[in-house]
Amino acid sequence: SVVAHRHVSLDLELSEEYATVMANEVRRRNRDELRVGEDVMAREPDFDFGASGPHAPILYTGIRRKRRTSKSDEEEEPLVEEPIDPSKSWWQRTRENLDGDFTSIALLLFLYMLQGVPLGLIAAIPLVLQDRGVTLGQQAVFSFAYWPFSLKLLWAPIVDSLYWRAMGRRKSWMVPCQYLIGIFMLVLSYKVNAIIGDAQGDHGPDVVFLMMVFLPLNFLAATQDIAVDGWALTILSRKNVGYASTCNAVGQTAGVFLGNVVFLTLESKDFANKFRSVPQDTGFVDLAGFVFFWGCVFIVSTTLVWIFKKEVDNSVENKNSEDSDGGDYGELELGIVETYSVLWKILKLKPMIWMIVIYLTGKFAFAATDGITGFRLIGMGMPKDTLASFGLFLTPLQILLPWMIGKWTAGPRPLNIFLWAYPYRILVGLVFAALVYFTPGLKIPDTKDFYISFYLIWVAAYMFHQVATYCMFVSTMAFNAQISDPRIGGTYMTLLNTISNLGGNWPVTLILSITDLFTWKNCHLGGTNTTETVLYSCSTKAIAEQCTTEGNTCDLYIDGYYFGVGLCTIVGLIWYKLLFSKIKYIQKIPRKEWHVINK
């Protein structure tokens, strides 16, 4: 997901007769229709960087409506079902439909996969750091490396407007960014093991320097995302431009899977030793080797794309079919100054003030659950590669849920689903805290392994968590699509999603930074664990190391995680009580009051 500065028209008046729209979806694809912005690239994926557990992107394909050719058109033309040649197989019909776009689709899939690899890798680093014994405060420092993807609106207009014509509008940014990512990875591969430390604790990770390393890497990935999103709208022919969202979702999901789950699995010594006759202390690959390999892939593939793939605007036929003024629902082409001016006008709208408050503060209720749960499970012995692999079970839900709740989110009150899911997600957070509390009791005695029921319980818990998270996400996306000014749809959607993403980032960073302040550990004499053998408090990392060096044990007495969950729950309930009526109210505001461009 994903957000970029897009040049497609945006008809955002969603039909309440959702079932009819979806039933005719396939027949619409080959008709003369206009894809809305959220159908092509709605939002960057939510990789759950807070490390609450599985790192799987949120997928949302959106819906499409036929463009109205004039203001007087109140209804769409009747849809006529196209005849199907029974002599041709599904594969033959698909090949004919995609004729001329096969290579472009394959290229988009590959480019989005490349984009997903550093994202998945950055999402895996906190789990690796947890194995190195870092504190939650240090995790909070590294969490700043995730922010560029949520701030790319700040430089997206520049990427969209400035380019070298000889190279191409999108390749002018994509090629340099991918070369820099590749070079960055090659150089990083020689130093990353020293920076991240070792699992034996001989030397700890330099978290601040690690954050400063991955921050520009994520910045380059975000910039590459802007360029690829824009290219996706012109590299495909008009009839197949809807496949851009599919390439985005499938490609990024594959890339994140490779950079996260595959890496953590191959790096795990426990997994590797299952296939070895003699156990070793390392996995099949280490971080340095993994980063070096993908650095080479970036360099070679970027060179091939630069040389052999010409940038041609295959959507140029659109311009011939549009009115000279762009149509009533055509999206305006804005320069850099005009784009920033429009963004400022949007922010000054009266209804937008409340939207900013809601989006920036609403996710605080889930910060402790989303940001710390995964770290606590790893600390209790769950293998980090197993935790990451939970995302495989969530993907089917991500595909099915939009269709299941679509008839409610496509109506005039899409945020009603948000209001229903909000307290349910708070309840799931409390369930997570209870499961973490009882997790030690699910360990097999005298081993480091857990009963199979432990994994089944947590997979089920994450699936319930995903239902709540996805209901909130889809409902807010539907509302954003409805209120966005169709004349500047891409810019409007990007702004709303940026605010929403920031509202998810800062609470996790804040909770991670303060949780250690409410965590209490005691140093027990000689490994005993009674109140009579308490020597002193070992809540800080330095004193904890001193305790273990002396042959004692530093045991957790009061876990700040439960304090964080309790604080977030209380704040969330108060937030829900105060803003419930306001959320109901903003849905009733006429959509024209959200517009800033006068027709």
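Since this is a predicted model, take the numbers as computed values, not measurements.

Moving on to the overall build of the protein chain. Of the regular secondary structure elements, the protein chain holds 25 helices and three strands. Split into buried and exposed, the 599 residues of the protein chain put 55% on the buried side. Accessible area of the protein chain: about 26300 Å², with a carbon and sulfur share of 64%.

The subject of this paragraph is the pattern of salt bridges. The final tally for this structure, using the stated rule, is five salt bridges. When the shortest N-O distance is used, the salt bridge between Lys-384 and Asp-131 registers 2.6 Å. A residue pair is termed long-range when its members are at least 10 positions apart, and Lys-384 in helix α19 (residues 384–389) and Asp-131 in helix α5 (residues 102–131) qualify at 253 residues. The shortest N-O distance in the salt bridge between Asp-370 and Arg-425 comes to 2.7 Å. Of this pair, Asp-370 sits in helix α18 (residues 367–379) while Arg-425 sits in helix α21 (residues 415–438), and the two are 55 residues apart along the sequence. Judged by its relative accessible area of 9%, Arg-425 is buried. In this structure, a network of salt bridges that share partners links the residues Asp-131, Glu-267 and Lys-384.

Let us now look at the confidence of the model for the protein chain. Looking at the protein chain, the pLDDT average stands at 77 and 76% of residues meet or exceed 70. With pLDDT under 50 throughout, residues 1–81 is counted as low confidence; its partners more than four residues away or in other chains account for 251 contacts. Contacts from residues 318–329, a stretch scored under 50 in pLDDT, to residues over four places away or in other chains number 17 contacts.

The biggest cluster of nonpolar side chains holds 70 residues, and the ones touching the most others in it are Phe-142, Phe-214 and Trp-458. Here this core gets 10 residues from one element, more than from any other, and that element is α5. Apart from residues no more than four positions distant in its own chain, Trp-458 is found in contact with Thr-373, Leu-377, Met-382, Phe-390, Phe-432, Leu-435, Val-436 and Thr-439. One finds Ile-405, Leu-419, Leu-579 and Val-596 within the second-largest nonpolar core, a separate group that totals 47 residues.

A few words on the state of the cysteines. The tally for this structure, following the rule as stated, stands at two disulfides. The disulfide partner of Cys-538 is Cys-554, and the gap between their sulfur atoms is 1.9 Å. Disulfide Cys-538 to Cys-554: torsion about the S-S bond roughly 105°, handedness right-handed. On the criterion of sequence distance, the pair formed by Cys-538 in the loop between β2 (534–537) and α24 (541–549) and Cys-554 in strand β3 (residues 553–558) is long-range, its members being 16 residues apart. Of the residues examined, Cys-538 reaches a relative accessible area of 0% and is grouped as buried. Each bonded cysteine of the protein chain gets a number by its place in the sequence, and the pairs then read 1-3, 2-4.

Reading guide: rules and limits
Residues numbered from 1 in each chain as written. Predicted model: local features only at pLDDT ≥ 70, side-chain atom pairs only at ≥ 80, totals over all residues. Heavy atoms only, no water. Helix = DSSP H or I, 4+ residues; strand = E, 2+ residues; numbered from the N terminus. Buried < 20%, exposed > 50% of the residue type's maximum accessible area, 1.4 Å probe, protein only. Areas by Shrake-Rupley, 256 points an atom, 1.4 Å probe, with all protein chains shown as cover. Salt bridge = Lys/Arg side-chain N within 4 Å of Asp/Glu carboxyl O. pLDDT = per-residue confidence, 0-100. Contact = heavy atoms within 4.5 Å. Core = buried A, V, L, I, M, F, W, Y, C linked by side-chain atoms within 4.5 Å. Disulfide = S-S within 2.5 Å.

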